[in-house]
Amino acid sequence: MSITPLYTTHATATGGRDGRARTTDGSFEVTLATPKELGGNGAGNNPEQLFAAGYAACFIGAIKYAASQDKNLPRVPVDVSVTSTVGIGPRAEGGFGLTVALEVSLPGVERAGGEELIARAHQICPYSHATRGNIDVVLTLA
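Calculation rules
- Residues numbered from 1 in each chain as written.
- Predicted model: local features only at pLDDT ≥ 70, side-chain atom pairs only at ≥ 80, totals over all residues.
- Heavy atoms only, no water.
- Helix = DSSP H or I, 4+ residues; strand = E, 2+ residues; numbered from the N terminus.
- Buried < 20%, exposed > 50% of the residue type's maximum accessible area, 1.4 Å probe, protein only.
- Contact = heavy atoms within 4.5 Å.
- Areas by Shrake-Rupley, 256 points an atom, 1.4 Å probe, with all protein chains shown as cover.
- Axes fitted to C-alpha atoms, helices over the stretch in contact; angles between N-to-C directions.
- Parallel < 35°, antiparallel > 145°, perpendicular 65-115°, else oblique.
- Left-handed = near helix turned anticlockwise from the far one by under 90°.
- Nonpolar A, V, L, I, M, F, W, Y, C, P; charged D, E, K, R; others polar.
- Patch = residues over 30% accessible without salt bridge, like charges linked within 9 Å, V, L, I, M, F, W, Y side chains within 5 Å.
- Salt bridge = Lys/Arg side-chain N within 4 Å of Asp/Glu carboxyl O.
- Pairing = 2+ DSSP bridges.
- Domains from an automatic or database assignment.
- Buried area = accessible area lost by both parts, 1.4 Å probe.
- Polar contact = N/O pair within 3.5 Å; in protein donor to acceptor, adjacent residues only side chain to side chain.
- Expected span 1.5 Å × (residues − 1).

Turning our attention to the overall build of the chain. Helix and strand counts for the chain come out as three helices and six strands. Secondary structure elements of the chain, listed N to C terminal, follow the sequence β-β-β-α-β-β-α-α-β. Principal-axis analysis of the C-alpha atoms gives the chain an extent of 50 × 35 × 35 Å. Residue burial in the chain is summarised as follows: out of 142 residues, 32% are buried. Long-range contacts, defined here as pairs at least 24 residues apart, represent 46% of the contacts in the chain between residues at least 6 apart. About 9100 Å² of surface is accessible on the chain, with carbon and sulfur atoms providing 54% of the total.

Here's what the structure looks like:
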């Protein structure tokens, strides 16, 4: 697989799950905290929340790109939304793993066209490429 990056970013985390993370350019900074469900105090954000937000935003971009490339696909409504649910827990094989579910809302779009749009987006989205074969991603049309 060959990729020519058109954009590259850098971020640094300190302190692990109970620390801080920020982009090198200073445009984004977050306090990190282990969720209460994993034994932490929950007084900050966690990597799973960041992953969920990034995947949801990226998937909307992939939906828009798919629609722009095929005039037979429905137009994307301005109020499109994706709710990403990311879970973390122990794997039967050892270590920890993630679960992902994406619920897509395409108000005013007929079901068949919406499902095709979501399927195409899943083949385009870089987060989908990164998870494919590693994390089962459940896609639903709201």
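Here we come to the packing of helix H1 (residues 47–69) against helix H2 (residues 111–124). Helix-helix packing: each pair is described by the crossing angle between the helix axes and the interaxial distance. Put simply, H1 and H2 touch, their axes get as near as 8 Å, and they point 110° apart. Put simply, H1 runs roughly perpendicular to H2. Considering only the axes of H1 and H2, their crossing is right-handed. When H1 is examined against H2, the residues Tyr55, Phe59, Ala62, Ile63, Tyr65, Ala66 and Ala67 are found in contact with a partner set consisting of Leu117, Ile118, Arg120, Ala121, His122 and Ile124. Grouping the constituent residues of the contact of H1 with H2 by class yields 11 nonpolar, one polar and one charged.

Time to look at a nonpolar patch on the surface. A cluster of nonpolar side chains, namely Leu38, Ile88, Phe96 and Leu98, defines an oily patch on the protein surface of about 350 Å² accessible area. Mapped onto the secondary structure, Phe96 falls in strand S5 (residues 96–105). Phe96 sits in the exposed class, given a relative accessible area of 59%.

Read across the open sheet, the three strands follow the order S4-S5-S6; overall the sheet is mixed. This sheet does not close on itself; its edge strands, each paired only once, are strand S4 (81–90) and strand S6 (137–141). Direction aside, the axes of adjacent strands within the sheet are offset by 15° on average. Relative to S6, S5 runs parallel, the two sharing five bridges. Looking at the pairing, Leu102 lines up with Leu139 of S6. This element, H1, spans S4, S5 and S6 of the sheet and lies at about 145° to S4.

Many authors give the size of an interface as the accessible area that is lost as the parts come together. When cut into domains, the chain gives domain 1 (1–45) and domain 2 (46–141). Using C-alpha coordinates to define each centre, domain 1 is positioned 21 Å away from domain 2. Of the roughly 560 Å² buried between domain 1 and domain 2, counting both surfaces, carbon and sulfur atoms make up 64%. At the boundary of domain 1 and domain 2, one finds one salt bridge. Across the salt bridge formed by Glu48 and Arg17, the nearest N and O atoms sit 2.5 Å from each other. Seen at the junction of domain 1 and domain 2, the total is two residue pairs in polar contact (both at pLDDT 80 or more). When grouped by side-chain class, the residues that make up the side of domain 1 that touches domain 2 number six nonpolar, two polar and one charged.

A word on H2. Compared with the 20 Å implied by 1.5 Å per residue over 14 residues, the 20 Å span of H2 between its first and last C-alpha is a close match. Listing the buried residues of H2 in full gives Gly113, Gly114, Leu117, Ile118, Ala121 and His122.

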